[in-house]
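Coordinates in review
The primary structure of each chain is shown beneath.
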Amino acid sequence: MSILSQLKAIPDLSQVPDEQLQWLIDHSELREFQAGERLFGRGDFSQHLFIILEGRIRIWFEQNGTSREMGRMEKDEITGVLPYSRLKEARGNGDVLQKARILMTHRSTFPDMIRTQYELVEALVHVMANRIRNFTTLQVQNEKLVALGKLSAGLAHELNNPSSAVVRVAKDLKSHLAYLPDNFKRVISIRIEEAQVDAVNEMLFEHIGGGIRSYPILDRSRREECLEDWLDDHDVPLQADALDALVDFGFEEEDFDFVLSQTGERDLAPVLNWMGNVLTTEKYVGEIHDASQRINDLVTSIKSYSHMDQDIDRGQVDIREGIRSTRRMLEHKFRKGSIQFEEDFGEPFPTIHANPGELNQVWTNLIDNALDALESREGAVIRISAHVDGPCLKVVVQDNGPGIPDSVKSQIFDPFFTTKGIGKGTGLGLDIVLRIMRAHNASIDVESVPGETRFLLWFPLN
């Protein structure tokens, strides 16, 4: 098959007149490459348009010592520099995976091509537009997947603790309730006056109302030993967990003396066991309630973060809600790195006209970047403040990390620029932030020195 026929078979060039494709052939060089050869290297000046007639090319780059594949080019695909492209140097390495025949057109021919080969240039510009769109879409998807992976890992971690607690306590409660029938038989055989029952009940509910106490280890051990000695002196056996519950709710020897004064020696054991049983049940139910409440708080935070039950159109937004929801979503990273969070919001606090879901992307990217910068740093703190500043609401996201080097400060908002390792980011986080800010007629700037980085955001109030 002739080269002209091969070019006509390429979908992107199928509508280009034959004479213009022949012009392209006449101003190009047909070269063959063997498997393993390098077509171009990252950072090389981009001099050629490549049309792959046969073979396969792998495009990749190295980031922090790790190879990262950007894609593969097959037969009938067009790559390299294109007319009107601002590409100056190759973004990755191009290695031949399978013996290739490639039509190479030097960029020096582009001015003449643009003047004389209109349909050919139009087709190549269309290729460039598709390439930019596909590449950007892929990177945005990768960034979203990275962000989703971080959030899902964090949520799994956060939900695991309370859900495991619910399962564990429910199992313990089930075992504990097995004592109820035996306790019931003992309790109904008690013979004391109604006033005495009321007195014991009143004392019991006073202790329940005081909640579970938290004692230092040595103090708790001392209290347990004192109660055990009292029980041994009065020959009172307690069921499993009863003594722990009595200590948890602050019972002391004088409380046992009071119960004894109301019940007498005969009914002392069943009453203390009944009280321990009530307190143990109260303790287990409280733990289940606390764990369930934590799960509910997380679900509420997720709904607030994603605004899944609200209209996505813009409205008046209190940014404090989004910042706090984002903070809760990233709680696992704060705890893992022992990182403190501080907030300072002025009063009265205004709302701004915005899309809350998009703003949450801003908070997520800025806070997550700060968390990464503070990794393994002692005394790490992230501080967010917001105050009215003239016609704007000024928000400052600040950390005491190592700072952003002056050499890269001007690049941090560029698409695909990242200082993170493989799998930690695609370099689109701050680009997304910048685009969202511009869409809200807002602005963002950064100030950074070692020990302090501040992202400053201004949102118009009107």
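Residues numbered from 1 in each chain as written. Predicted model: local features only at pLDDT ≥ 70, side-chain atom pairs only at ≥ 80, totals over all residues. Heavy atoms only, no water.

Points about the overall build of the protein
- Tallying secondary structure elements over the protein gives 14 helices and 13 strands in all.
- Looking at the protein residue by residue over its 462 residues, the buried ones come to 43%.
- Pairs at least 24 residues apart make up 76% of the contacts formed inside the protein by residues separated by at least 6 positions.
- Accessible surface for the protein amounts to roughly 24,500 Å². Of this, 51% is attributable to carbon and sulfur atoms. (Helix = DSSP H or I, 4+ residues; strand = E, 2+ residues; numbered from the N terminus. Buried < 20%, exposed > 50% of the residue type's maximum accessible area, 1.4 Å probe, protein only. Contact = heavy atoms within 4.5 Å. Areas by Shrake-Rupley, 256 points an atom, 1.4 Å probe, with all protein chains shown as cover.)

Thoughts on helix H6 (residues 194-209)
- Helix length check: H6, at 16 residues, gives a terminal C-alpha distance of 22 Å against a target of 22 Å (1.5 Å per residue), a fit within 8%.
- Among all positions of H6, only Ala199, Val200, Met203, Leu204, His207 and Ile208 are buried.
- Among the residues trailing H6, Gly211 stands out with phi positive, at a value near 75°. (Expected span 1.5 Å × (residues − 1).)

A short note on the side chain of Asp399
- With respect to the secondary-structure elements, Asp399 resides in strand S11 (residues 392-399).
- No salt bridge forms around the buried Asp399; measuring N to O, its nearest opposite-charge neighbour Arg377 is 6.8 Å away.
- One polar contact links the side chain of Asp399 to the main-chain amide nitrogen of Gly401, over a distance of 2.8 Å.
- Setting aside residues up to four positions removed in sequence, Asp399 forms contacts with Ala370, Leu374, Val381, Ile382, Gly451, Glu452 and Thr453. (Lys, Arg positive; Asp, Glu negative; His and termini not counted. Salt bridge = Lys/Arg side-chain N within 4 Å of Asp/Glu carboxyl O. Polar contact = N/O pair within 3.5 Å; in protein donor to acceptor, adjacent residues only side chain to side chain.)

What about the pattern of salt bridges?
- Tallied over the entire structure, the rule returns 23 salt bridges.
- With a shortest N-O distance of 2.8 Å, Asp248 and Arg220 are connected by a salt bridge. Placement of Asp248 in helix H8 (residues 242-248) and of Arg220 in helix H7 (residues 217-233) is noted, with a sequence separation of 28 residues between them.
- Accessibility expressed as a relative area gives 6% for Asp248, which makes it buried.

Concerning the sheet that holds strand S8 (residues 340-345)
- Ordered by their spatial adjacency, 5 strands build an open sheet running S8-S10-S11-S13-S12, and the pairing between neighbours is mixed. Edge strands, defined here as strands with exactly one partner in the open sheet, are S8 and strand S12 (443-449). Within this sheet the neighbouring strands show an average axis-to-axis angle of 15°, counted without direction.
- Strand direction decides the pairing type here: S12 and strand S13 (residues 452-460), joined by 7 bridges, are antiparallel. Following the sheet pairing, Asp445 is matched in S13 by Leu456.
- Each of strand S10 (381-389), S11 and S13 is contacted by helix H12 (residues 356-373), which is oriented at about 170° to S13, the strand it contacts most. (Pairing = 2+ DSSP bridges. Axes fitted to C-alpha atoms, helices over the stretch in contact; angles between N-to-C directions.)

A word on the pairing of S11
- In terms of residue burial, S11 counts as a mostly covered element, since 6 of its 8 residues are buried.
- For S10 and S11, the ladder comprises 8 bridges, and the chain directions are antiparallel. Bridging across to S11, Val388 finds its partner in Leu393.
- Taking the residues that link successive antiparallel strands as the turn, the S10-S11 hairpin has 2 residues, and the phi of Gly390 there is positive, at about 65°.
- Note: S11 against S13, 8 bridges, orientation antiparallel. From the neighbouring strand, Leu393 faces S13, where its bridge partner is Phe459.

Quick look at the packing of H12 against helix H14 (residues 429-439)
- For the pair H12 and H14, the least separation of the axes is 9 Å and the interaxial angle reads 145°. At the point where H12 passes H14, the crossing takes the left-handed sense. For the pair H12 and H14, contact is made by Glu358, Gln361, Val362, Asn365, Leu366 and Asn369 and by Gly429, Leu430, Ile432, Val433 and Ile436, respectively.
- Per-class residue counts for the contact of H12 with H14 are 6 nonpolar, 4 polar and 1 charged. (Left-handed = near helix turned anticlockwise from the far one by under 90°. Nonpolar A, V, L, I, M, F, W, Y, C, P; charged D, E, K, R; others polar.)

What to know about the nonpolar core
- Ile319, Trp363, Ile382, Val395, Phe455, Leu457 and Phe459 are the most contacted members of the largest nonpolar core, which totals 42 residues.
- Counting residues per element, this core draws most heavily on H12, at 7 residues.
- Every residue in contact with Phe459, bar those within four places of it in the chain, is listed here: Ile352, Leu359, Trp363, Pro391, Cys392, Leu393, Val395, Met437 and Ala442. (Core = buried A, V, L, I, M, F, W, Y, C linked by side-chain atoms within 4.5 Å.)

Some points on the packing of aromatic side chains
- Applying the stated criterion to the full structure yields 6 aromatic pairs.
- Summarising the aromatic geometry, the rings of Trp230 and Phe256 are spaced 5.1 Å apart at their centres and angled 65° between planes, so their arrangement reads as edge-to-face. Placement of Trp230 in helix H7 and of Phe256 in helix H9 (residues 253-306) is noted, with a sequence separation of 26 residues between them. As far as the burial class goes, Trp230 and Phe256 line up, both buried.
- Joined through ring pairs, the aromatic side chains of Trp230, Phe251 and Phe256 make up one cluster. (Phe/Tyr/Trp six-rings, centres within 6.5 Å; stacked < 30°, edge-to-face > 60°.)

Describing a negative patch on the surface
- Side chains of Glu225, Glu228, Asp229, Asp232, Asp233, Asp235, Glu253, Glu254, Asp257 and Glu265 sit close together on the surface and give a patch of like negative charge.
- Contributions of two or more residues to the negative patch are made by H7 and H9.
- A total of 5 residues in the negative patch trace back to one element, the largest contributor, which is H7.
- By secondary structure assignment, the location of Asp229 is in helix H7.
- Assessed through its relative accessible area of 46%, Asp229 is described here as partly exposed. (Patch = residues over 30% accessible without salt bridge, like charges linked within 9 Å, V, L, I, M, F, W, Y side chains within 5 Å. Charge placed at Lys NZ, Arg CZ, Asp CG, Glu CD.)

Focus on unusual backbone geometry
- The omega angle of the peptide bond from Glu347 to Pro348 is -5°, so this bond is cis rather than trans.
- Of note, the phi angle at Ser376 is positive, near 65°, even though the residue is not glycine.
- Mapped onto the elements, Ser376 comes out in the loop between H12 and S10.
- With relative accessibility at 75%, the residue Ser376 sits in the exposed group.

Here we look at the environment of His126
- With respect to the element layout, His126 can be found in helix H4 (residues 118-176).
- When its relative accessible area of 46% is taken as the criterion, His126 is described as partly exposed.
- Separated by 114 residues in the primary sequence, His126 and Asp12 have C-alpha atoms spaced 8.1 Å apart.

Shape descriptors only; they carry no functional weight alone.
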